[in-house]
Amino acid sequence: MAQSSRAVVIGGGIGGLTAAAALHRRGWQVTVLERARSLEPVGAAVSLAPNALRALDVIGAGDEIRGLAAWQGEGGVRTPRGRWLARTDARAAAERFGGPLVLLHRATLIAALAARLPDGAVRTGAPAALAARGPAGRPARVTTPAGELTADLVVAADGVRSAVRRTLFPDHPGTVYSGFTTWRLVLPAPGAGFAPHETWGRGRLWGTQPLKDGRLYAYAAAVTPAGGRAPDDERAELVRLFGSWHTPIPDILAAARPEDVLRHDVHHIAVPLPAFHRGRTALLGDAAHAMPPTLGQGGNQAVEDAVVLAHHAAPHAPDLPAYTAARLPRTTGITRQAVRIARLNLLRDPVGVTVRDAALAALSRAAPGLLLRGFDGIADWRPPVRAAAQGCGRV
């Protein structure tokens, strides 16, 4: 009997676990190495568009996640005083792209992905380093505190600060600061219901979205030098920046505790990598194409990467050049679009902001559904046929 092919996944986040589940379904023996002591993710919520949900169909998780969709009715973009600049609604989005937009807590998604792996496949508290990428005819090697592992395929899903990326491409400049920082929090919804919205100010942005379990997810961004921190606490910083904005923002901030608020500077890969693989090692997610969150596609593209990689990774014969060819152009284009959107919705010049808001309002009146058009070619993506056929069959 032929020995099964072994894949080692470095990183137990969304992309790494999706890749592990997809490879497992293709017949690989999979080991996931996660540095943290548990799979409990750092972060708040993640938005999954129809493109990622169709990718999750490949591993049989799509319908489970679709069942968590909470957005009903209208939503859109507002000014800090509350005026609507553009509107859309959940039904129009679902009709345009063939499915709902689902916002869920990262912990919920991580649990759903991990449940699709065999017992013992995930090792936590297991930092890993790439010792050899797997040159022709030889396996890749990964070192851990417990010893060295050899693999027919190594999947590096080790995030925006990827050590594997630096090992594979030491001359690449890496990530750059995107020019803004973000705050995120999840808490019980205070007071009356609200229409989901994103609010654009001068160099500042706020978003409020419902979760299925009755909580809400709020996020904020502001143009600021890298490495900054509030002199007191980050909740107080949000009050200073957004406390005078429209309802329900002040109510949310009043209900939040300092420990509820997460703050992270945003970095992205401005110069695309020459490839997403070398030897027997492949990069995916932020390790391959870190992007600003302004399109909400970071996690979605990692999920896409994972199922496309599995599609091209037949046991004993992974075709990593085909994976690079399929993923590098798409993610490069989406990253550049996310950078352009960040420049637009975080404009600081008062005249530019006035022109932006007036143009958005006028275009939205003339062409309803304008907000959705920015996701054409993104949210309507479908996984490769062979990979989809091995999933639950829904594509």
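Treat the numbers as computed from the prediction; the structure is a model and nothing was measured. (Residues numbered from 1 in each chain as written. Predicted model: local features only at pLDDT ≥ 70, side-chain atom pairs only at ≥ 80, totals over all residues. Heavy atoms only, no water.)

S.K.: How should I be thinking about the pairing of strand 11 (residues 153–156) in this particular structure?
M.R.: A regular strand places its side chains on the two faces of the sheet in alternate fashion. Residues Leu-153 and Val-155 line one face of strand 11 and the alternating positions Val-154 and Ala-156 line the opposite face, and both faces are buried. With three bridges connecting them, strand 11 and strand 18 (residues 281–283) associate as parallel partners. Opposite Val-154, over in strand 18, you have Thr-281 as the bridge partner. (Buried < 20%, exposed > 50% of the residue type's maximum accessible area, 1.4 Å probe, protein only. Helix = DSSP H or I, 4+ residues; strand = E, 2+ residues; numbered from the N terminus. Pairing = 2+ DSSP bridges.)

S.K.: Could you clarify how one ought to interpret the packing of helix 10 (residues 298–311) against helix 11 (residues 320–345) in this entry?
M.R.: A pair of packed helices is captured by two measures, namely the crossing angle of their axes and the spacing between those axes. Two elements in contact, helix 10 and helix 11, have axes whose closest approach is 10 Å; the angle formed by their N-to-C orientations is 165°. Classed by the angle they form, the pair helix 10 and helix 11 counts as roughly antiparallel. Relative to helix 11, helix 10 is oriented so that their crossing is right-handed. Touching Gln-301, Glu-304, Asp-305, Val-308 and Leu-309 of helix 10 are Leu-320, Tyr-323, Ala-326, Arg-327, Arg-330, Thr-331 and Ile-334, all from helix 11. Among the residues forming the contact of helix 10 with helix 11, the class breakdown is six nonpolar, two polar and four charged. (Axes fitted to C-alpha atoms, helices over the stretch in contact; angles between N-to-C directions. Parallel < 35°, antiparallel > 145°, perpendicular 65-115°, else oblique. Left-handed = near helix turned anticlockwise from the far one by under 90°. Contact = heavy atoms within 4.5 Å. Nonpolar A, V, L, I, M, F, W, Y, C, P; charged D, E, K, R; others polar.)

S.K.: I'm lost on the sheet that holds strand 2 (residues 29–33) in this one. Help?
M.R.: One key point about sheets: their strands pair by backbone hydrogen bonds, in either a parallel or an antiparallel sense. Ordered in space as 7-2-1-11-18-17, the six strands form an open sheet in which the pairing is mixed. The sheet is open, and its two edges are formed by strand 7 (122–123) and strand 17 (277–278), each paired on a single side. Against the sheet, helix 1 (residues 14–26) contacts strand 1 (6–10), strand 2, strand 7 and strand 11, and its axis sits at roughly 170° relative to strand 2. With respect to the sheet, helix 11 is in contact with strand 11, strand 17 and strand 18, its orientation differing from that of strand 18 by roughly 10°.

S.K.: Looking at this model, I keep getting lost on the sheet that holds strand 8 (residues 129–132). Mind explaining?
M.R.: Read across the sheet, three strands follow the order 8-9-10 without closing on themselves; strand pairing throughout is antiparallel. Only two strands of the sheet have a single partner each, and these edge strands are strand 8 and strand 10 (147–151). When the angles between neighbouring strand axes are averaged without regard to direction, this sheet yields 35°. Judged from the five bridges that link them, strand 9 (residues 140–144) and strand 10 form a sheet pairing that is antiparallel. In the strand pairing of strand 10, Thr-143 is matched with Glu-148.

S.K.: Is there a simple way to think about helix 12 (residues 350–366) in this case?
M.R.: For helix 12, spanning 17 residues, the distance from its first C-alpha to its last is 24 Å, which sits close to the expected 24 Å at 1.5 Å a residue. Of the surrounding elements, those touching the buried residues of helix 12 are strand 4 (74–78), strand 5 (84–89), strand 13 (197–200), helix 11 and helix 13 (370–373). (Expected span 1.5 Å × (residues − 1).)

S.K.: I'm lost on the side chain of Ser-162 in this one. Help?
M.R.: Relative to the elements of secondary structure, Ser-162 occurs in the loop between strand 11 and helix 6 (163–168). Polar side-chain contacts of Ser-162 include one of 3.3 Å to the backbone nitrogen of Val-164. With residues up to four places along the chain from it excluded, the contact list for Ser-162 reads Leu-283 and Ala-287. (Polar contact = N/O pair within 3.5 Å; in protein donor to acceptor, adjacent residues only side chain to side chain.)

S.K.: Which parts of the structure should I look at to understand the environment of Gly-228?
M.R.: Checked against the element boundaries, Gly-228 lands in the loop between strand 15 (215–223) and helix 7 (234–242). Sequence spacing of Gly-228 and Thr-181 is 47 residues, and the spatial spacing of their C-alpha atoms is 8.5 Å. With residues up to four places along the chain from it excluded, the contact list for Gly-228 reads Arg-263 and Asp-265.

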